[in-house]
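# What the coordinates show
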Amino acid sequence: MAGIAKITQKHKEDNKSNFGGGKDLFLRDGDQAIVAIVASGEENDHLLDDYFQHTVNSTDVTTGANRFNSVVCGKTTGKYCDLCAKGQPSRRRFAVWMYVYFVYHTEKKRDDWKEVQHPAGGKLFKEDVNDFRVFSQGFGSRDYLWNQLVDIHFENEGLNKKKVRVKRTGAGRDDTSYSIQVFQNAPVDLSKDILVKIKNLPSVLDYITQKESDNESNKAVSLTQKQEEAVSEKPQAAVRTRKVSAPPSTVKEESSKPEVEVMESEIDALFKEELF
């Protein structure tokens, strides 16, 4: 478990080597989530951590479709990694627990997403979440994404002091970027019940390793005979095996509001000028 300073130091040291996203916060192009980061960013805070990840070419057991499967590298926990021994590159990523109030989507995917009017014109679709999610990403080109967290931690004396917006721009692998923006006039004010639930969250690293271990167990590990033989001889990668229970849901009951809203209530009004 490491804080902002320690993870940054480890990442810089590893840049000299050959190492080059359930309860997950997943955004599409143009989506933006209004959240409270619940990790403080200090050392020994298990709600924020970094890890190494391998991407393995695999096939879906049920459909036979070709897909990529993520595996946490054994060196994340200081253990032997068969994939590293075979020359498979890994990449450093970070993951952090967040409390997500809601997400603005550019396309409506579910009937319960409410249509809202964009202050500058046009429509968005608001998904009320009110629950915990894990945001996991790579450090970004020249660490641009990680450095946004570093700046938030430095300028606000912690990651969990003020509400933030997480926004995705781009749809493809090469044109996607994220921004993490602080709302200066919006201190985090979670209820006592939510604060108790934060204390009971599993470590973010346990969550990641368990999730990827569960995904791996449902897929064939390899597409080639050579890879299949290698997997049968040695474990794919070292992962933690402790079972992680999903955090309790904190979704609030929907209130009777107009089907089409203008972004003028609660957080919406406060952030209207800053959001867009």
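Residues numbered from 1 in each chain as written. Predicted model: local features only at pLDDT ≥ 70, side-chain atom pairs only at ≥ 80, totals over all residues. Heavy atoms only, no water.

When you go through the chain residue by residue, the secondary structure sums to seven helices and ten strands. The 276 residues of the chain split such that 47% are buried. About 14,900 Å² of surface is accessible on the chain, with carbon and sulfur atoms providing 48% of the total. (Helix = DSSP H or I, 4+ residues; strand = E, 2+ residues; numbered from the N terminus. Buried < 20%, exposed > 50% of the residue type's maximum accessible area, 1.4 Å probe, protein only. Areas by Shrake-Rupley, 256 points an atom, 1.4 Å probe, with all protein chains shown as cover.)

Further remarks concern the packing of aromatic side chains. Tallying each qualifying case throughout the model produces nine aromatic pairs. Consider the rings of Tyr 99 and Tyr 101, whose centres lie 5.4 Å apart with planes at 80°: the pair is edge-to-face. Pair check on accessibility: Tyr 99 and Tyr 101 agree, each one buried. Aromatic side chains Phe 139 and Trp 146 sit 5.1 Å apart centroid to centroid with 40° between the ring planes, which places their arrangement in the tilted category. In textbook terms, an aromatic cluster arises when at least three aromatic residues are bridged by ring pairs, as seen for Phe 94, Phe 135, Phe 139, Trp 146 and Tyr 178. Above the face of the Phe 52 ring, Lys 75 is positioned so that its terminal group lies 4.2 Å from the ring centre. (Phe/Tyr/Trp six-rings, centres within 6.5 Å; stacked < 30°, edge-to-face > 60°. Lys NZ or Arg CZ within 6 Å of the ring centre and 35° of its normal.)

What follows is about the pairing of strand S6 (residues 123–138). The element S6 is largely enclosed, with a buried count of 13 among its 16 residues. With twelve bridges connecting them, strand S4 (residues 91–105) and S6 associate as antiparallel partners. Counterpart to Phe 94 in the pairing with S6 is Gln 137. With four bridges connecting them, strand S5 (residues 114–117) and S6 associate as antiparallel partners. Across the sheet, Gln 117 pairs through a bridge with Lys 123, a residue of S6. Between S5 and S6, which pair antiparallel and follow one another directly, the connecting turn spans five residues, one of which, Gly 121, has a positive phi of 105°. (Pairing = 2+ DSSP bridges.)

Let us look at the pairing of strand S2 (residues 48–60). Most of S2 is tucked away, with eleven of its 13 residues classed as buried. The pairing of S2 with S4 spans six bridges and is antiparallel. From the neighbouring strand, Gln 53 faces S4, where its bridge partner is Arg 91. In the sheet, S2 pairs with strand S3 (residues 66–72) via seven bridges, with the strands oriented antiparallel. Bridge pairing in S3 links Gln 53 to Val 72. Remark: five residues form the turn of the hairpin made by S2 and S3, two consecutive strands paired antiparallel; Gly 64 in that turn has positive phi of roughly 80°.

This part is about the confidence of the model for the chain. Looking at the chain, the pLDDT average stands at 79 and 72% of residues meet or exceed 70. Low pLDDT (under 50) marks residues 15–21, which in the prediction has eleven contacts with non-local residues, meaning those over four places away or in another chain. Within the model, the stretch residues 218–260 combines pLDDT values under 50 with 87 contacts to residues more than four positions away or in other chains. (pLDDT = per-residue confidence, 0-100. Contact = heavy atoms within 4.5 Å.)

Here the focus is the state of the cysteines. With the rule as written, the count across this model stands at zero disulfides. The closest cysteine sulfur to the non-disulfide-bonded Cys 81 is located on Cys 73, 3.7 Å from its own sulfur. Assessed through its relative accessible area of 5%, Cys 81 is described here as buried. Take Cys 84: it sits in no disulfide, and the sulfur closest to it among the cysteines is that of Cys 73, at 3.4 Å. Judged by relative accessible area, Cys 84 falls into the partly exposed class, the value being 27%. (Disulfide = S-S within 2.5 Å.)

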